[in-house]
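Listed below, chain by chain, are the residues.
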Amino acid sequence: MSKKTETISGSKRTGLILRWILAIVLVAFSIFPVLWIISAAINPVNDLANQQLIPANANFDNFRQLATNPVFPFFTWLWNSIKVSVSSVIVTLSLTTMAAFAFSRFRFKGRQGLLKAILLIQSFPNLLAIVALFSIVKQMGDIIPWLGLNTHAGLVLVYSGGAMGMNIWLMKGYMDTIPRDIDESAHVDGATDWQVFSKLILPLLRPILTVIGILSFIGTYGEFIIARTLLTRTEMQTAMVGLQIFTAGQYTQNWGVFAAGALIAALPIMIIYLILQDQIVGGLTQGAVKG
Amino acid sequence: MGNMEGSMATVAKKTITSVSSIVTTAIVIIVDALLAYFAYRLADLGYIPLMIVFILIIAIISLSFMVPNLKHFRWMAIGLSAWLLFSIFPILYTVYNAFTNYGDGHLITKTQAIEQIQKQTYLPETGKSYTWVAYRSDTNEYLLWLKDTDGTTSIVRMVDAQAADHTLEVVPGQNGIGELDADGAPLTIEGYTRLNKILAATDKNLTSIKFGAADNTIQVRSPSEAAQLLPLYQFDDATGNFTNTQTGKVYEDIQGTWTAKDRTALIPGYSAQVGGENFVEFITDPGLRGPLVTIVVWNFIFATMSLFLTFSLGLFIAIIYGDPNFKGKKLLRSLLLIPYTIPSLITILIWRGMFNPDLGIINRVITSIFGVAPKWFNQAGWARTAILIVNMWLGYPYWMLVTSGALQSIPSDIYEAAQVDGATGWQRFWNITLPLLLVSVGPLMIASFIFNFNNFNLIYAFINGGPPIPTASTQAGYTDIIISYVYNLAFASGRGIRYGYASAISLVLFVVIALMSLAQFRLTNMWEEVGENV
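Residues numbered from 1 in each chain as written. Chains lettered and ligands numbered in written order. Predicted model: local features only at pLDDT ≥ 70, side-chain atom pairs only at ≥ 80, totals over all residues. Heavy atoms only, no water.

This brings us to the overall build of chain B. What chain B contains, in helices and strands, is 17 helices and 14 strands. The C-alpha atoms of chain B give a radius of gyration of 35 Å, which is well past the 24 Å a tight globule of 534 residues would have. Principal-axis analysis of the C-alpha atoms places the extent of chain B at approximately 120 × 105 × 50 Å. Looking at chain B as a whole, 47% of its 534 residues are labelled buried. (Helix = DSSP H or I, 4+ residues; strand = E, 2+ residues; numbered from the N terminus. Rg over C-alpha atoms; globule rule 2.2 N^0.38 Å. Buried < 20%, exposed > 50% of the residue type's maximum accessible area, 1.4 Å probe, protein only.)

Following this line, the structure appears as structure tokens:
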């Protein structure tokens, strides 16, 4: 009897050890590229072929080069990325919140049809229509140059207009959970729809605004194909486009500088994830797939 | 008394309402006017489809603010306009483009093409002629002094010169003009050198430069003569044909290309309807069909394998480490989540460096162990393997999160009942866990499949679809998926731009995606949600 318990706990221990070994292998797989790029960034060798995991004479030369290299205006790109992403988030949030309010609070003809249409159109990612998007922005730019190709305003419009569908649904779903008694009693007291929206509902939306805001920021910041197509001038490009174009050239000789750039570009998103892990995970598993 | 106060309040309220409605009306009219002007300019340039969209946007805005019954649409007027312009219209415009020859040689509208062809000129053998003297600046700007048969003189700048006036009067002292010679030509012009016969004869640029205003250009014909250029093609509004004024040859408008009887064509053409030609072409042309078959097959394998690998690894981790008694669970989850927290494009580029066949760390390690290493970027099979490995790394954290959530929602009494019946752990997994899991995460699996089916970033940033397929007539590679192939058809430099053809293939993609989305909708309750009027 006692011998049997021993074997069970023995096999349990073996299982636990196996699990730990496996965990170490998995973690190695998961974090190796990150360690590798950190090591490359602080390695003054700056050459893909001679990079070691533990660099000799580690220093921050690559970061210094990043700030001064004229063909690699990295910090301009980073600033462009942040500018475009923040603007897109603001535009998307204001448009979707108001639309979702109408869908959630009013009953009008065409409401259901429109909701279904939004859902249906949303399933076509707008990168499938990339040629059409390119032409639309080009044609608009032929008349209003600051909305055309190589402008951030044009890119922000494309991002915001293309991201309406899912966000309206997420926002409306959240608003539906706010009891309508609240706004009805406010209406009785003589409040207008706008007052109900701005004074009552909007403050209650903070959690969902945070989730949608962060997810759109991450999505826009990491977006590549549309930015690559619409922005062709070096000084207008975003960090993702800049880094990709950099690796399309002689990147093996400048691996350290690239690594420093990649690290800095990844940092804002990593920090957001670490701080807001639980909210993001909740939002993502509701339906979005990471890009 | 109370009654009167009440009625005064009503009056006040009505006044406020009417003032605010006047302001609203005024703003709507201004916005409409601006949009209408924009639409008019679009029509002027021949951008008819986009013009129609802007007319619809004007309708949305006006109707929602002016018609009381549609007042609820005010809340979404701008949102709907943006959605129409950047979500719906791109899809419809792709369909439209699929039936056009939009691409190299057909990039512009009919209006623009006619304008460009009408600008083409020729130098007549006879006709009005001038004697001339040329002047050149240090920056290779030229001026041309002209004297016609009546003895009238003038000085003209180059056609593309950045100046308000292309013709100058020949008055000494003005515009830096110095003393005149016997013919009336200035001996000096400030900033310019007068070219004597020898200098003029040896100047390489002079005979090809067009002088004067755009509608009245003059070119040097011989050392003694300059002549006015004449438009080479005459457009006939009634027939839509061009006629060569020099030879009399007639060019008929055939599907956006002005073509003569002897099959010669004018450049540029314009973007025109060509019916199903794009579709016929990719069925009949072996240089296009061959790679497309390879690409479509690989596209399905890639999406299926990616889903399978990421789902399996994620589920595996969720099961093994889902045990609440396992110590260090939280730390482990955070570490295993790391691939998820970095923008995928950045990590794809890092993997690209690590997989570099000659210099990357992966092959350096493999070579030191085995002596040889795979050519990751040069052989189709290895390139595809590398892409799947990278995608597994990118995708498993998502499935780890999703499945560990879904596993917790499976009631534990089912397992207990199975254990009583003597089911082994393996049997429990196959007969209980997996089926229940597939039901709850099925829609997400379809979403993930669709996402990977169009995973442009990975394919393009990793090795740009390579290695190349040698028989392809356009840029195509063994790891290309449909969307990256389409992208290269449209935007890859050097191989010719073919928007119309790219759009035609996009249409096929739309159909595939639509079918998969339909399956997704049937599995989720989103449609029912709308139906129940929540």
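Okay, back to it.
By a widely used convention, the size of an interface equals the accessible area lost when the partners come together. For chain B, the assigned domains are domain 1 (2-98), domain 2 (121-231) and domain 3 (284-527). Inter-centroid distance (C-alpha atoms) of domain 1 of chain B to domain 2 of chain B is 55 Å. (Domains from an automatic or database assignment.)

Once that is clear, we can look at the pairing of strand β3 (residues 142-148) of chain B. Residue and element names in this part refer to chain B. With respect to burial, β3 is a largely interior element, six of its seven residues being buried. Relative to β3, strand β2 (residues 129-137) is paired through seven bridges, and the arrangement is antiparallel. Each bridged residue has a counterpart across the sheet, and for T131 the counterpart in β3 is K147. Linking β2 to β3, which pair antiparallel, is a turn of four residues; within it N140 sits at a positive phi near 60°. Two strands pair when backbone bridges link them, and β3 and strand β4 (residues 153-157) are joined in this way by five bridges, in the antiparallel orientation. (Pairing = 2+ DSSP bridges.)

Here we come to the environment of B:K261. Residue and element names in this part refer to chain B. On the secondary structure map, K261 appears in the loop between β14 (257-259) and α6 (277-284). Classification of K261 as exposed rests on a relative accessible area of 77%. Considering only alpha carbons, one finds K261 and T188, 73 residues apart in sequence, at a separation of 53 Å. The residues touching K261, leaving out its near neighbours within four places in the chain, are V250 and E252. (Contact = heavy atoms within 4.5 Å.)

Here the amide bond leading from B:I267 into B:P268 is cis, since omega sits at 5°, within 30 degrees of zero. Despite not being glycine, A:N150 has its phi angle at roughly 65°, a positive value. Turning to its location among the elements, A:N150 is positioned in the loop between α5 (130-143) and α6 (152-162). Overall, the relative accessible area of 14% leaves A:N150 in the buried class. Phi at B:N140 is positive, roughly 60°, even though this residue is not glycine. Mapped onto the secondary structure, B:N140 falls in the loop between β2 and β3.

All names here are of chain A. Summarising the model, chain A shows a mean pLDDT of 86, and 93% of its residues fall at 70 or more. Considering only residues more than four positions removed or in separate chains, one finds that residues 1-5, a stretch of pLDDT under 50, has zero contacts. Note that pLDDT drops below 50 for residues 287-291; the model gives that stretch 15 contacts with residues more than four away or on any other chain. (pLDDT = per-residue confidence, 0-100.)

This paragraph deals with the packing of aromatic side chains. Inspection of the entire model under this criterion finds 58 aromatic pairs over all chains. With a centroid separation of 5.3 Å and an interplanar angle of 90°, the aromatic rings of A:F124 and B:F510 are classed as edge-to-face. Of this pair, A:F124 sits in the loop between α4 (111-122) and α5 while B:F510 is found in helix α16 (residues 499-523), placing the two residues in two different chains. For the pair A:F124 and B:F510, one class covers both residues: buried. Ring centres of B:F38 and B:F54 lie 4.7 Å apart, and the angle between their planes is 65°; this geometry places the pair in the edge-to-face category. A residue pair is termed long-range when its members are at least 10 positions apart, and B:F38 in helix α1 (residues 2-45) and B:F54 in helix α2 (residues 48-66) qualify at 16 residues. The two residues B:F38 and B:F54 agree in class, both being buried. Chaining the aromatic ring pairs together yields one cluster made of A:F29, B:W351, B:F355, B:W376, B:F377, B:W382, B:W393, B:Y396 and B:F462. One Lys or Arg, A:K172, reaches over the ring of A:W169 and ends 5.7 Å from the middle of that ring. The positively charged end of B:R498 is found above the aromatic ring belonging to B:Y501, 4.9 Å away from the centroid. (Phe/Tyr/Trp six-rings, centres within 6.5 Å; stacked < 30°, edge-to-face > 60°. Lys NZ or Arg CZ within 6 Å of the ring centre and 35° of its normal.)

All names here are of chain A. With nine of 11 residues buried, α6 is to be regarded as a mostly interior element. Among the residues making up α6, those that are buried are H152, G154, L155, V156, V158, Y159, S160, G161 and G162. The backbone nitrogen of G154 lies 3.2 Å from a side-chain oxygen of the residue at the head of α6, namely T151. (Polar contact = N/O pair within 3.5 Å; in protein donor to acceptor, adjacent residues only side chain to side chain.)

With that settled, the discussion passes to the sheet that holds strand β12 (residues 242-244) of chain B. Residues and elements named next belong to chain B. Taken together, four strands build an open sheet; the order of strands is β11-β12-β13-β14 and the sheet is antiparallel. Of all the strands in the sheet, just β11 (233-235) and β14 have a single pairing partner and so form its edges. Neighbour to neighbour, the strand axes of the sheet diverge by 30° on average, direction disregarded. In terms of strand pairing, β11 meets β12 through three bridges, oriented antiparallel. For F235, the partnering residue across the bridge sits in β12 and is F242. (Axes fitted to C-alpha atoms, helices over the stretch in contact; angles between N-to-C directions.)

Below, the discussion takes up the side chain of B:N244. Residue and element names in this part refer to chain B. Among the secondary structure elements, N244 is positioned in strand β12. The class of N244 is buried, set by a relative accessible area of 8%. In contact with N244, other than residues within four places in its own chain, are L232, Y233, K249 and Y251.

Our next topic: the interface of chain A and chain B. Chain A puts 102 residues into the contact, and the matching count from chain B is 96 residues. Our count for the chain A to chain B interface comes out at 12 residue pairs in polar contact (both at pLDDT 80 or more). With 15 residues, the single largest contributor to the side of chain A that touches chain B is helix α1 (residues 2-41) of chain A. Counted by class, the side of chain A that touches chain B contains 70 nonpolar, 19 polar and 13 charged residues. (Nonpolar A, V, L, I, M, F, W, Y, C, P; charged D, E, K, R; others polar.)

Let's shift gears to a nonpolar patch on the surface. A surface patch of nonpolar side chains, amounting to about 390 Å² of accessible area, comprises A:I17, A:L18, A:I21 and A:V25. By secondary structure assignment, the location of A:I17 is in helix α1. (Patch = residues over 30% accessible without salt bridge, like charges linked within 9 Å, V, L, I, M, F, W, Y side chains within 5 Å. Areas by Shrake-Rupley, 256 points an atom, 1.4 Å probe, with all protein chains shown as cover. Salt bridge = Lys/Arg side-chain N within 4 Å of Asp/Glu carboxyl O.)

For the rest of this paragraph, the subject is the side chain of B:T310. All names here are of chain B. On the secondary structure map, T310 appears in helix α7 (residues 286-320). Within polar-contact distance, the side chain of T310 engages the backbone oxygen of S306 at 2.7 Å. With near-sequence residues (within four places) excluded, T310 lies in contact with N391, M392, G395, Y396 and W399.

Here A:D176 is to be found in helix α7 (residues 164-176). The spatial distance from the C-alpha of A:D176 to the C-alpha of A:A100 is 9.6 Å, given a sequence separation of 76 residues.

Here the focus is the pairing of β2(B). All names here are of chain B. Within β2, seven of the nine residues are buried, leaving the element largely enclosed by the surrounding structure. Here three bridges tie β2 to strand β6 (residues 192-194), and the two strands are oriented antiparallel to one another. When the bridges of β6 are listed, S137 appears paired with Y192.

All names here are of chain B. At their nearest, the axes of helix α15 (residues 482-491) and α16 sit 8 Å apart, and the two run at 165° to each other. The pairing of α15 with α16 is recorded here as roughly antiparallel in orientation. The hand of the α15/α16 crossing is left-handed. Contacts between α15 and α16 involve I482, I483, Y485, V486, L489, A490 and F491 on the former and, on the latter, Y499, Y501, A502, I505, S506 and L509. Residue composition of the contact of α15 with α16, grouped by class: 12 nonpolar, one polar and no charged. (Parallel < 35°, antiparallel > 145°, perpendicular 65-115°, else oblique. Left-handed = near helix turned anticlockwise from the far one by under 90°.)

As a further point, take the pattern of salt bridges. Residues and elements named next belong to chain B. A full pass over the atoms with the stated rule returns 12 salt bridges over all chains. Of the charged contacts, one joins R498 and E281 as a salt bridge, the two residues approaching to 3.1 Å between their closest N and O atoms. One end of the pair, R498, is in the loop between α15 and α16; the other, E281, is in helix α6, and 217 residues separate them in sequence. Judged by its relative accessible area of 25%, R498 is partly exposed. Note on E281: relative accessible area 24%, which makes it partly exposed.

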